[in-house]
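Here is how the chains run, residue by residue.
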Amino acid sequence: MLNGWLRALDPTSPRGDRAGRWALALSLAVAIGCALPALFQAFSGPYVVQDDARQHVFWMQRWLHPDRFPNDLMADYFQSVAPWGYQGLYRLGSILGLDPMVFNKLLPIGLGTLTTFLCFQVVWQLLPVPLAAFSACVFLNQNLWIADDLVSGVPVAFIYPLFFLFLKGWLGRSPWQLFSAIGLLAGFYPHGVLLGSSLIGLDLIWQTWLIAQRSLFQVRSLLKTLWNQRQLELSLLIFSGLVLLPFLGKSSQYGPVLTAAEAKTFWAQFFQVEPAWAYWLKHRRTGLIPIDWWEIDFAFPQIILTLLFPILWWQRDRFPLAQATRSSLVFVPQLLIVSGAWFTVAHLLLFRLHLPNRYSEHSLRIVVAILGAIALSWLVQKAWQWAKSRPPNAKLSNSKAKGLVLLITGFLLIYPFTFPGFPATQYEIGNHPQLYEFFQNQPVTIRIASTTRETDNLPSFAQRSIVVGPGFTMRYHRRYATELLQRATDLIVGQYTPNPDRLREILNRYSVDFWLLDRADFDPNQLQKMGWVRWFRASPQEPLAIAHRQAIEQLRRGEVPVMQTLLDRCQQFTDQSLVVLNGNCLRSSL
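My aim in this report is to walk through the structure given alongside it, one point at a time. (Residues numbered from 1 in each chain as written. Predicted model: local features only at pLDDT ≥ 70, side-chain atom pairs only at ≥ 80, totals over all residues. Heavy atoms only, no water.)

### What to know about the overall build of the chain
Here is step 1 of the chain: Helix and strand counts for the chain stand at 30 helices and seven strands.
Here is step 2 of the chain: With the C-alpha coordinates aligned to their principal axes, the bounding extent of the chain is approximately 90 × 70 × 50 Å.
Here is step 3 of the chain: Residues classed as buried in the chain amount to 57% of the 590 residues present.
Here is step 4 of the chain: Within the chain, residue pairs in contact and separated by at least 24 positions form 73% of the contacts whose partners lie at least 6 positions apart. (Helix = DSSP H or I, 4+ residues; strand = E, 2+ residues; numbered from the N terminus. Buried < 20%, exposed > 50% of the residue type's maximum accessible area, 1.4 Å probe, protein only. Contact = heavy atoms within 4.5 Å.)

Have a look at this one:
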């Protein structure tokens, strides 16, 4: 049964062999099978949105309806930081009549299938064995769907298909694939350009050293030989520098990116991670290792197989399939080296190169899928040989031994699909359809103030502007973050102040048309549990946290907020838990 899946075949294409064709078809079926539950969930109701899409996609409604989100700071900000390729793809979808939110839900199944196809091609170039290529695709999909990067459909989702395109081109030294991959990475996820170009640079340094040994360090001869033999690599490095220039010279209207020194004051909570080692290894933004691996206690078989691979490589003479594994596998340790280097540089230049984990977690997912699959193939082939050599009258007969090998192989491939919550989607489901419909029936120019958790959903579900929402607060640009934190603080103050003039001032400052409240907002015990401060990641010394504590103290002293006295007079909409107050009514009643 496994014989055909364990043979080394033509490395140029899997389509010439029946087992190769089956392996590719099943790999694509796995990709589609992982994506379908997410697709069904995405279209399970009219108000479903992926968590990251709430920030990175909502503003695209402007393409279909230019009057949406007028003078909206958050929409302007996320539009300004969106990479050009990412914008262009969604813009093309809107030209074809696809609502950006619908397009966002359709992308994951396409991206997952494309990534799987390219992963299969990459592994086939390394070890043209059906089981190896199929296992790598299975391992990769398990890694992609235990996280919410691919399913988000935002820029990070594109790193996987585009980087696999780069690896395919690199292994095959295909100029058009390499130049296309680097250009597209620059347009969707520029971090990938740094990784890819560094991989090329590291290989070029190694080749230069080898050439230098032969040319006795004669500089002119070295440069001439290098140019003649490595024109593709040098051209790719020049091209990478050119496509990154717009990002290096780009200035933001929202001010410079925070430095690490500024962040320790302005965003102290970012560094408050316990235990201290978790900041470097486990943190969602700064940790070396993907956070979801920690959440499953590293129970991925592919991780264990990857850790075993150095031992197998050391003993490779014992594994027949090791002879069919190409030496180009050397790119794997090279990728780990450049990922670790950029991870370190990103920590040293914190926020200027975005977040450190962006340079390590994606590489690690790719590496464990590839090395885990190759290690599994070597071991299974060896075990299969052992099983076939068993005598029929042995206690563990030939057929039983084969069955045992099949059972263990199947378990290693299938087990991760049984993890709770797989596939992870992070879809947010709107629970207040009547509220969204109420706001949809208001003019597109309205602005809604609220300190409820529902605030983040309103731009996506109601397509109306909000004063501020915790999900929209990116602290990397200080001017933008300062404005949003000030707004969050003012909303807490306005909602709980006993001073009518203070409330009027805040209503006018932010041109508030409606104020959304939770019925439990004026209970001091509920307010203490309120997540507003936590959602904004405010440290105890920041004005937002101070205003929150003062509001709790005021309620416990029996001071009645002005807004609470106007609930009945200014209420314009209500459901079981939420109340909407009319802004003009609030102003006229003060």
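### Looking at the state of the cysteines
Such a bond, covalent and formed between the sulfur atoms of two cysteines, is termed a disulfide.
Here is step 1 of the chain: Enumeration according to the criterion identifies one disulfide in this entry.
Here is step 2 of the chain: Here Cys570 is linked by a disulfide to Cys585, with a sulfur-sulfur distance of 2.2 Å. Handedness of the Cys570-Cys585 disulfide follows from its S-S torsion of about -75°: it is left-handed. Here Cys585 lies in helix α30 (residues 583-589) and Cys570 lies in helix α29 (residues 567-570), a separation of 15 residues in the sequence. The pair formed by Cys570 and Cys585 is uniform in burial state, with each residue classed as buried.
Here is step 3 of the chain: Lacking any disulfide linkage, Cys34 is separated from the closest cysteine sulfur, that of Cys137, by 11 Å.
Here is step 4 of the chain: Between Cys137, a cysteine without a disulfide, and Cys119, which holds the nearest cysteine sulfur, the sulfur-to-sulfur distance is 4.2 Å. (Disulfide = S-S within 2.5 Å.)

### Observations regarding the environment of Ala42
Here is step 1 of the chain: Relative to the elements of secondary structure, Ala42 occurs in helix α1 (residues 18-42).
Here is step 2 of the chain: Residue class for Ala42 comes out buried when judged on its relative accessible area of 0%.
Here is step 3 of the chain: For the pair Ala42 and Glu428, spaced 386 residues apart in sequence, the C-alpha to C-alpha distance is 9.2 Å.
Here is step 4 of the chain: The residues touching Ala42, leaving out its near neighbours within four places in the chain, are Val48, Lys105 and Tyr427.

### Considerations on the pairing of strand β3 (residues 447-450)
Here is step 1 of the chain: Of the two faces of β3, the one holding Arg447 and Ala449 and the one holding Ile448 and Ser450 are both buried throughout.
Here is step 2 of the chain: Sheet topology places β3 next to strand β4 (residues 465-466); two bridges connect them, and they run parallel. Within β4, the position partnered with Ile448 by the bridge is Ile466.
Here is step 3 of the chain: Of the strand pairs in this sheet, β3 and strand β5 (residues 514-518) are connected by three bridges, and their pairing is parallel. (Pairing = 2+ DSSP bridges.)

### Some remarks on the sheet that holds β5
Here is step 1 of the chain: Read across the sheet, five strands follow the order β4-β3-β5-β7-β6 without closing on themselves; strand pairing throughout is mixed. Of all the strands in the sheet, just β4 and β6 (571-574) have a single pairing partner and so form its edges.

### Focus: the pairing of strand β7 (residues 578-582)
Here is step 1 of the chain: Most of β7 sits out of view: five of its five residues are buried.
Here is step 2 of the chain: Of the two faces of β7, the one lined by Leu578, Val580 and Asn582 and the one lined by Val579 and Leu581 are each fully buried.
Here is step 3 of the chain: One ladder, built from five bridges, connects β5 with β7; its direction is antiparallel. In the sheet register, Asp518 faces β7, and the bridge partner there is Leu578.
Here is step 4 of the chain: Sheet analysis places β6 next to β7, joined by three bridges and oriented antiparallel. Looking at the pairing, Thr574 lines up with Val579 of β7.
Here is step 5 of the chain: Between the end of β6 and the start of β7, which pair antiparallel, lie three residues.

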